[in-house]
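Tertiary structure, described
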Amino acid sequence: MDNDEQAAEDSAPTGESAVVGLLFEHDENRRQLTKWFQELSEFTPYGVSPSGESSQTDILLVDEPALGRHRDWLQSRKGRNEPPFHPIVLVHSTDDSSFEGGVWEIIDETVSVPIDPSPLKHRLKNLLERRRLSKNLSNELERTEKQYRAVFESVNDAMLVIDAERDQVLDCNPRAREVLGYAELELRSLSVSTDLHPTNGDAYEQFIERVLTEGRGRTDDLVCTTKGGSKIEAEISASTLDVQNSSRVVFCIRDVTERREQSRQLESQRDLLAQLNRINRTLHETTRAVVQASSRDELETAVCQNLSDSGAYQFAWIGESAEEHARVEPHATAGKATEYLDHVSVTTDGTETSQGPTGQALETLSVCTVQDVSTASEMEPWRDSLAEFGVRATAAVPIYYDDEIFGILNLYTQRENAFVGDERDILSHLGNTIGRAIADIRAREEAQIFQQAVEHAGHAVYITETDGTIEYVNSAFTEMTGYSQEEVIGQNPRLLKSGAHDKEFYRNLWQTVLSGETWENELINRRKDGRRQYIDQTIAPITMGSGQIDYLVAVNTEITEQRRRQQQLQVLYRVLRHNLRNELNVIEGFADLLAESGQSEYKPALEQISQAVDDLLQISRQARRIERTFSDGSAEQEMRPLDLVVEGALTDASPPTDIVTTSLPETSLTVNIEIQTALQELITNAVKHNDAEDPSVVVAMETDLRENSPQGTVTVRDNGPGIPTNERKVLREGEESPLLHGNGLGLWLVNWVVTELGGTIDIQDADPRGSVVTITVPLSD
């Protein structure tokens, strides 16, 4: 080896220039190339010896003899598992077309001799650039492999590398060991299909086949079995690992057991929410139907129909407890409720048919449910019938408002877990809503009845605010006053003032009603046409539950005609009491003078005059008695035992009552003392007008506690001439006419007193002659 060769052998690669290895059998060529490379700063020559240690070179040049001699070494060097590209250049003198095919598996480029430095330099630089790129790629692959290994080790999903053909685990990450419960060596010894998927091996085999065919796959239907035997729901992504060995598959296993359970719970909650939304919609529609209903029957039918049509319930019915039959009688039904009720009975008599949710709801006024009618003991009387309709659960909802129960709403459904949570609260609210609506309908009906009653009442009615502003008047008011509703609404009642009352009168009126008391009095008003009216008025305060007076209601009864008749009667009474009596006393005095004169021819006329005077005076006394009886209606009525009242009538009767016999048992039952006036008149007439040879008058009394309404009966029997037919007819028909009238006031007095006190009078003929007058009056204890 000469000096140049030695320099090439000894020069160590600096790393700043490319190291060119020289493997030449031709010494001259080696020397020339060494010299040439030494002259170039970007190349460093280095002699390579296959038998000794050689430094790492970037590129290797060989000649044909060296290639032939060291072919195996070059072949092994070329095939060495070194990712970077290591180019080999053949320096040859023969035609490269004569190279055998195996040469090109070793060499990457050729240079023919004599060597032209410029092309050689260009080719070397190209090869070195390829090597640089190869080294960069190798480094990048190494970094990537480290990164992927780090991901493989640290990823939160379980990862397995398996050999699908051998059904064996080749590699696993820590998460896989944690999830599956096996150590790494244990996993490598398992059968993937048999040990990890014992419950769904067929599904696993189908999935693997699809992955091997398509190169990748994804499924969420596999269940993995852990070492402890527990099952985990897995979401698996898989793909083949490389092309050369397509049976190698990487598995990414994600444990979604908890997520699936949460999903199922969420789905269940969604179903429940959808159900509650449906029930809410049903409640809204039912509430709207309730508001629109004009009657209770219409309301209950709409409620049952809406609930039955909602899809949440099979059928529904509303019933009410009928105490006389001890049963819950249906009012409204929907769906198959009628068919069901034809075969069952719900009672309130304490028997087993009253122990179900309907009976409990009636007793507790709360929603009562049965979740499973097939096992609940209280459902025994209805179990078979409910099974025919596929009913799973039932609920009874009390319909009540303001402590008043109107009925029970009964619901039936096939749903599981029905009538719990919010649904139960909604149904409870629905029961209260229906109850309030029924109460409102009843109130409206009562208000309509009241309004109709007020509107058609014979009395004038008007309602005012507390300041007197008129809010309402009925038709009788407009007829009585002459003012239309439009003319008085918003006005004050002072427009009716006649000027007949002073300020103190009205001040007392307002103080009375605004203090919460009722004011009653007579007053004089003026109609629209100016005529005066006598009014019997009652004004009462109205409170709407607030404790404050909200309105005033006035009821006016026109008594103008009564007052006129009263005045006329007072005039007639005065004439009968004073004028007629005084004049009769004068006539009677002159008649007595004529009788004393002894002129016998005038005696019959004088007797008739005297009798007529007596009759007229009797009428005057009766008129006085009638006036005294009825003129003081405000006086407190005195009550006395009936037997004492009859005895008082016997004492006051005239003429003497020595022909009267009595049957008067003692009693503590009392009667209004005014009845004594009527009895006195009857006894007096029976005695006075009795013309029998042996006159007799019998007065009898008895009491009767009939149905806790005691009554007293007094009978006056005589054997006189009897009461004329026209007198009886006048009393029976209650009025007189020019052709039909009585002869006096006595029987009218009796009739008025008895009927005023709520009693009756009956007149019959006695046998063989005379009359039997029977008075029946209510008694008090």
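Residues numbered from 1 in each chain as written. Predicted model: local features only at pLDDT ≥ 70, side-chain atom pairs only at ≥ 80, totals over all residues. Heavy atoms only, no water.

1. Examining the pattern of salt bridges
Our working rule: The working definition used for a salt bridge is a side-chain nitrogen of Lys or Arg within 4 Å of a carboxyl oxygen of Asp or Glu. Under the scheme used here, helices are H or I runs from DSSP no shorter than 4 residues and strands are E runs no shorter than 2 residues, and both carry numbers assigned from the N terminus. Throughout this description, buried means an accessible area under 20% of the type-specific maximum (1.4 Å probe, protein chains only), exposed means over 50%, and partly exposed covers the range between.
Overall, the coordinates contain 32 salt bridges when judged by the stated rule. Taking the shortest distance from any N to any O, the salt bridge between Arg-132 and Glu-129 comes out at 2.3 Å. Of this pair, Arg-132 and Glu-129 both sit in helix H5 (residues 117-154), three residues apart, which is roughly one turn of that helix. Given a relative accessible area of 35%, Glu-129 falls into the partly exposed group. For Arg-640, the salt bridge identified is with Glu-638, shortest N-O distance 2.9 Å.

2. Brief notes about the pairing of strand E14 (residues 393-401)
Rules: For two strands to be treated as a pair, DSSP must find no fewer than two bridges joining them.
Burial within E14 is extensive, with seven of its nine residues counted as buried. Taken together, the three bridges between strand E13 (residues 368-370) and E14 define a ladder with antiparallel strand orientation. Within the sheet, the bridge partner assigned to Cys-368 lies in E14 and is Ala-396. Relative to strand E15 (residues 404-413), E14 is paired through nine bridges, and the arrangement is antiparallel.

3. Quick look at the sheet that holds strand E18 (residues 519-526)
Using the following cut-off: Fitted lines through C-alpha atoms give the axes, limited to the stretch in contact for helices. The angle between two N-to-C directions lies from 0 to 180 degrees. Two residues form a contact once any of their heavy atoms are found within 4.5 Å.
Strand order in the open sheet formed by five strands is E17-E16-E20-E19-E18, with antiparallel pairing between adjacent strands. Each edge of the open sheet is held by one strand with a lone partner, namely strand E17 (470-473) and E18. Direction aside, the axes of adjacent strands within the sheet are offset by 30 degrees on average. Pairing of E18 with strand E19 (residues 532-543) involves eight bridges; the strand directions are antiparallel. What sits directly across from Glu-520, in E19, is Thr-538. On the sheet, helix H18 (residues 503-514) packs against E18, E19 and strand E20 (549-558) and is oriented at approximately 140 degrees with respect to E18.

4. Describing the packing of aromatic side chains
The condition that has to hold: Aromatic rings from Phe, Tyr and Trp, taking only the six-membered ring of Trp, are treated as a pair when their centres fall within 6.5 Å; an angle between ring planes under 30 degrees marks them as stacked, one over 60 as edge-to-face, and anything in between as tilted.
Within the structure shown, the criterion is met by 13 aromatic pairs. Taking the centre distance of 4.9 Å and the plane angle of 55 degrees together, the rings of Trp-36 and Phe-37 count as tilted. Taking relative accessible area as the criterion, Trp-36 reaches 15% and is therefore assigned buried. Between Phe-315 and Tyr-412, the aromatic rings sit 4.6 Å apart at their centres with planes inclined by 25 degrees, giving stacked as the arrangement. Of this pair, Phe-315 sits in strand E11 (residues 315-322) while Tyr-412 sits in strand E15, and the two are 97 residues apart along the sequence. By the burial criterion, Phe-315 is buried, and Tyr-412 matches it. Among the aromatic residues, ring-to-ring pairing joins Phe-315, Tyr-340, Phe-389 and Tyr-412 into one connected group.

5. Regarding the sheet that holds strand E1 (residues 18-23)
Pairing between the strands of a sheet is mediated by backbone hydrogen bonds and can be parallel or antiparallel. Taken together, the five strands give an open sheet; going across it, the order is E2-E1-E3-E4-E5, and neighbouring strands pair in parallel fashion. A single partner strand is all that each edge strand has here, and the edge strands are strand E2 (43-47) and strand E5 (109-112). Each adjacent strand pair in this sheet contributes to an overall mean axis angle of 25 degrees, direction not counted.

6. Description of empty space enclosed by the protein
Where we set the bar: Here a cavity denotes grid points, spaced 1 Å and computed from the protein atoms alone, that fit a 1.4 Å probe unable to get out, and a pocket denotes an open set having protein on both sides within 12 Å along at least 5 of 7 lines; residues with an atom within 4 Å of a point are the lining. Grid points are joined across faces, edges and corners, and a volume is the space filled by probe spheres set on the points.
Taken as a whole, this structure holds three cavities of 30 Å³ or more when the rule is applied. A volume near 100 Å³ is recorded for the largest cavity. Around the largest cavity, the lining is made up of 16 residues, and of these Val-346, Pro-357, Thr-358, Trp-382 and Tyr-412 lie nearest the centre. Breaking the lining of the largest cavity down by element, the ones donating at least two residues are helix H13 (357-364) and E15. Looking at the lining of the largest cavity element by element, the count peaks at three residues for H13.

7. What about the side chain of Glu-235?
What counts here: Counted as a polar contact is a pair of N or O atoms within 3.5 Å, where, for protein atoms, one must be capable of donating a hydrogen and the other of accepting one, and residues adjacent in sequence contribute only when both atoms are in side chains.
In this structure, Glu-235 sits in strand E9 (residues 231-240). For Glu-235, a relative accessible area of 13% gives the class buried. Of the polar contacts made by the side chain of Glu-235, one reaches the side chain of Arg-259; its length is 2.8 Å. Those residues in contact with Glu-235 that sit more than four places away from it in its chain are Arg-218, Thr-219, Asp-220, Cys-252, Ile-253, Arg-254, Val-256 and Arg-259.

8. What to know about the packing of helix H22 (residues 675-688) against helix H24 (residues 746-756)
Applicable threshold: Angles below 35 degrees are treated as roughly parallel, those above 145 as roughly antiparallel, those between 65 and 115 as roughly perpendicular, and all remaining angles as oblique. Left-handed is the label given to a crossing in which the near helix is rotated counterclockwise from the far helix by less than a right angle, and right-handed is the label when the rotation is clockwise. When residues are grouped by polarity, Ala, Val, Leu, Ile, Met, Phe, Trp, Tyr, Cys and Pro land in nonpolar, Asp, Glu, Lys and Arg in charged, and all others, Gly among them, in polar.
Where H22 meets H24, the axes come as close as 9 Å, and the angle between the chain directions of the two elements is 150 degrees. By the angle between their axes, H22 is roughly antiparallel relative to H24. Regarding H22 and H24, the two cross each other, and that crossing is left-handed. Every residue of H24 that contacts H22 at Ile-675, Thr-677, Ala-678, Glu-681 and Leu-682 is listed here: Gly-746, Leu-747, Leu-749, Val-750, Val-753 and Val-754. Considering only residue class, the contact of H22 with H24 consists of eight nonpolar, two polar and one charged.

9. A short note on the packing of helix H21 (residues 642-652) against H22
Between H21 and H22, the shortest axis-to-axis distance is 8 Å and the interhelical angle comes to 45 degrees. Classified by the angle their axes make, H21 and H22 are oblique. Considering the relative orientation of H21 and H22, their crossing is right-handed. Where H21 abuts H22, its residues Val-645, Val-646, Gly-648, Ala-649, Leu-650 and Asp-652 lie against Ile-675, Gln-676, Leu-679, Gln-680 and Ile-683. Here the contact of H21 with H22 is built from residues that sort into seven nonpolar, three polar and one charged.

10. Regarding the pairing of E17
The pairing of strand E16 (residues 460-465) with E17 spans three bridges and is antiparallel. Looking at E17, one finds that Tyr-462 is bridged to Val-473. Linking E16 back to E17 in an antiparallel pair, the connection comprises four residues, with Gly-468 at a positive phi of about 95 degrees.

11. A word on the environment of Ile-470
With respect to the helices and strands, the residue Ile-470 is situated in strand E17. Taking relative accessible area as the criterion, Ile-470 reaches 2% and is therefore assigned buried. Placed 82 residues apart in sequence, Ile-470 and Leu-552 show a C-alpha to C-alpha distance of 9.3 Å. Setting aside chain neighbours within four positions, we find Ile-470 in contact with Ile-463, Thr-464, Val-488, Ile-489, Gly-490, Gln-491, Asn-492 and Pro-493.

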